[in-house]
Amino acid sequence: MAARILDGKSIAATVRGEVKEAVDRLHARGVFPSLHVVLVGDDPASAVYVRNKARACEEVGIRGVTHRLPATTTEAEVLALLHRLNGDPEVDGVLVQLPLPPHISADRVIDAQDPARDVDGFHPVNLGRLVSGREGLVACTPAGCMRLIQETGIRLQGKRAVVLGRSLIVGKPMALLLLAAHATVTICHSRTRDLPARVAEADVLVAAIGQARLVRGEWIQEGTVVIDVGMNRDEEGRLCGDVDFEGASRQASFITPVPGGVGPMTIAFLLRNTLIAACARRGLPPPF
Ligand code: NDP
């Protein structure tokens, strides 16, 4: 069986188009949504991500503002900036690009964010809402993965979903979203015994571990939907996922490529979250 490719680029373009239409409607009402991105230090990968986020905002008509702070910025200074943004009625979304320099606590920075503007969905209030099955801002990567799964047309109810990874950013919110969609969910991590056996049980597999091609094609049962979140460099420096794409493509029904799968969805869902935050905070009806 040759898997069908879940083309994240084109699905993300559709999502961005939906966002643009919603932004246009807000502009017509005199509302101009904005996203503020805080970048501390000069990590080159973070600088690229932040530039891409600013460009994506521009393309859909969201005002993107980047606050670039030197690596020597103190935690108190970052918290003071967040405090200022939290109090500014023109600010709809705020995100602090991770990782932060080691002298700044990511937990304290995340806690200092206004949950209503937390477009990354990392604040404990938003994670708590997800656990409770209540409305809130959901982390962009797992939300994007759910949209990819939706595009396959499969019904998640009663299906076996296996999530590899238990980070707060991807694995845990992913598992909660799958659970909310009535899948039977297994979460695997570095202490999981017999990973191949767990992977073989999956109707839907979401890999978010950060290990180049760790998941081998022969572990995957025929017909599995494979969502590969991993962004790794192989020995030759090429970008690759957590799943051996070639091998898995022979078994899977659908599979995301790396690059061009989950990555573009993450940014599209960041824009979507900014709009959701803008409408909720301003007392407007939900945009989607
Ligand atoms: P983390 O490092 O925070 O978490 C990795 C998880 O994988 C941990 O739960 C860890 O287990 C588990 N793990 C590590 N090695 C193994 C193993 N050999 N077997 C089973 N489980 C293992 O990573 P993130 O969640 O932040 O990111 C995961 C991957 O997704 C990375 O490649 C990252 O670059 C990518 N990513 C891509 C995004 C995109 O937009 N495409 C967005 C975010 C991330 P334990 O908890 O026990 O340590």
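Because the structure is predicted, anything quoted here is derived from the model rather than measured.

Rules of the game
Residues take numbers from 1 onward in each chain, read along the sequence in its written order. Under the rules for a predicted model, residues below a pLDDT of 70 receive no local features and side-chain atom pairs below 80 are neither given nor counted, while totals for whole chains, interfaces and linings still include all residues. Remark: hydrogens and water are excluded; side-chain values derive from all non-hydrogen atoms of the structure. Salt bridges, as used here, are contacts in which a Lys or Arg side-chain nitrogen is within 4 Å of a carboxyl oxygen on Asp or Glu. Two strands qualify as a pair provided DSSP detects at least 2 bridges between them. Under the DSSP-based scheme used, a helix requires at least four consecutive residues in state H or I and a strand at least two consecutive residues in state E, with every element numbered from the N terminus. In this analysis an axis means a line fitted to C-alpha atoms, helices contributing only their contacting stretch, and an angle means the value between N-to-C directions, from 0 to 180 degrees. Any two residues whose heavy atoms approach within 4.5 Å at even a single point are treated as in contact. Working definition: with a 1.4 Å probe on protein chains only, accessible area under 20% of the residue-type maximum means buried, over 50% means exposed, and in between means partly exposed.

## Focus: the pattern of salt bridges
- Per the counting criterion, the structure on display carries 13 salt bridges.
- Because the salt bridges share partners, they merge into one network encompassing Arg-213, Asp-234, Glu-236 and Arg-238.

## Remarks on the sheet that holds strand S3 (residues 63–69)
- Spatial ordering of the open sheet is given by S3-S2-S4, a layout of 3 strands whose pairing is parallel. This sheet does not close on itself; its edge strands, each paired only once, are S3 and strand S4 (93–96). Direction aside, the axes of adjacent strands within the sheet are offset by 15° on average.
- Bridge count for strand S2 (residues 34–40) against S3 is 7 bridges, and the pairing is parallel. Paired with Val-38 across the strands is His-67, a residue of S3.
- The sheet strands contacting helix H2 (residues 44–60) are S2, S3 and S4, and the helix crosses S2 at an angle near 170°.

## A word on the environment of Gly-144
- For Gly-144, the position within the fold is in helix H6 (residues 140–152).
- Overall, Gly-144 belongs to the buried group, its relative accessible area being 0%.
- Considering only alpha carbons, one finds Gly-144 and Val-48, 96 residues apart in sequence, at a separation of 20 Å.
- Apart from residues no more than four positions distant in its own chain, Gly-144 is found in contact with Met-265 and Phe-269.

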